[in-house]
Amino acid sequence: MSDSTREIEALIDMMARLPGLGPRSARRAVLHLIKKRGALMRPLAQAMADVAASARECLNCGNIGTSDLCEICSNPKRANGQLCVVEDVADLWAMERGQAFAGRYHVLGGTLSALDAIGPDELRIPKLRDRVAEEQITEVILALNATVDGQTTAHYIAGELEAAGVTMTSLAQGVPIGGELDYLDDGTISAALKARKSF
């Protein structure tokens with residue numbers, strides 16, 4: 001690596017660490033940014049600096065925003081007694097895009113994993129117990145991924161909140177809208193059969 005390209009290579013290495021970008025994609029992205037440095041690179045760098053200075057985790061739910069309480073937690077209309085538990089902020093944002101849920105959220109920050117030594121205290125499960133008691137929660141919706149770790153975490157949370165007297169529900173699993181049976185995996189078809197309903 002020559003001195004003349006050291007900074008560019010360092011930027012490519014940093015970009016390659018982002019999810020979904022490998023070294024080749026990062027190189028293409030950096031070259032594109034350099035070509036469009038006035039219209040794209042400088043505003044992007046400024047936006048990144050602004051977010052780096054202002055972004056913070058909501059003290060209540062774990063969402064990402066620019067204040068101590070996110071817009072969802074500070075909105076009294078969202079205090080309807082429903083609390084949707086998700087693994088990550090990306091899951092919360094996905095739920096919000098659907099505009100189908102009008103309650104509040106709780107971000108765990110991951111799932112229980114014996115292999116990775118992630119227990120309840122490494123997640124935000126103690127805070128979840130506190131919120132259920134303090135916020136008059138009547139229903140906890142477990143919107144965790146349909147993985148082994150996700151389901152293990154859901155069962156653990158259900159056990160932890162059993163004495164709280166709240167209704168525990170989970171998202172339906174099965175055939176997606178527009179899905180064709182021939183293209184679905186065996187686990188999805190099995191889940192869809194178990195969750196079948198009256199027609």
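Attention now moves to the overall build of the protein. Regarding its fold elements, the protein presents 7 helices and 6 strands. Starting at the N terminus and walking to the C terminus, you meet the elements of the protein as α-α-α-β-β-β-α-β-α-β-α-β-α. Oriented by its inertia axes, the alpha-carbon framework of the protein measures out at about 65 × 45 × 35 Å. A sequence separation of at least 24 residues applies to 48% of the contacts in the protein between residues at least 6 apart. Counting every atom, the protein has about 13,400 Å² of accessible surface; 55% of that belongs to carbon and sulfur. Computing the positive centroid from 21 side-chain charges and the negative centroid from 26, the protein places the two 9 Å apart.

Tallying each qualifying case throughout the model produces 1 aromatic pair. Taking 5.1 Å as the distance between ring centres and 65° as the angle between the ring planes, the aromatic pair formed by Phe101 and Tyr105 counts as edge-to-face. When sorted by exposure, Phe101 lands in the same class as Tyr105, which is buried.

A few words now on the pattern of salt bridges. Here the structure, examined in full by the defined rule, presents 5 salt bridges. The salt bridge partner of Arg104 is Glu135, with a shortest N-O separation of 3.9 Å. Of this pair, Arg104 sits in strand β4 (residues 104-107) while Glu135 sits in the loop between α5 (125-134) and β5 (139-142), placing them 31 residues apart in sequence. Residue class for Arg104 comes out buried when judged on its relative accessible area of 13%. When the shortest N-O distance is used, the salt bridge between Arg129 and Glu160 registers 2.5 Å. One end of the pair, Arg129, is in helix α5; the other, Glu160, is in helix α6 (residues 148-160), with 31 residues separating them in the sequence. The structure contains a network of salt bridges with shared partners spanning Arg104, Arg131 and Glu135.

With 4 of its 5 residues buried, strand β3 (residues 82-86) lies for the most part within the structure. Both β3 and β5 contribute to a ladder of 4 bridges, which runs parallel. Note on β5: the bridge partner recorded for Leu83 is Val140. Note that β3 and β4 share 4 bridges and pair parallel. Bridge assignment links Leu83 to a residue of β4, and that residue is Arg104. After leaving β3, the chain enters helix α4 (residues 89-98) and then returns to the sheet as β4, a path that is right-handed.

About the thresholds
Residues numbered from 1 in each chain as written. Predicted model: local features only at pLDDT ≥ 70, side-chain atom pairs only at ≥ 80, totals over all residues. Heavy atoms only, no water. Helix = DSSP H or I, 4+ residues; strand = E, 2+ residues; numbered from the N terminus. Contact = heavy atoms within 4.5 Å. Areas by Shrake-Rupley, 256 points an atom, 1.4 Å probe, with all protein chains shown as cover. Lys, Arg positive; Asp, Glu negative; His and termini not counted. Charge placed at Lys NZ, Arg CZ, Asp CG, Glu CD. Phe/Tyr/Trp six-rings, centres within 6.5 Å; stacked < 30°, edge-to-face > 60°. Buried < 20%, exposed > 50% of the residue type's maximum accessible area, 1.4 Å probe, protein only. Salt bridge = Lys/Arg side-chain N within 4 Å of Asp/Glu carboxyl O. Pairing = 2+ DSSP bridges. Right-handed = clockwise from strand over helix to strand, strands pointing away.

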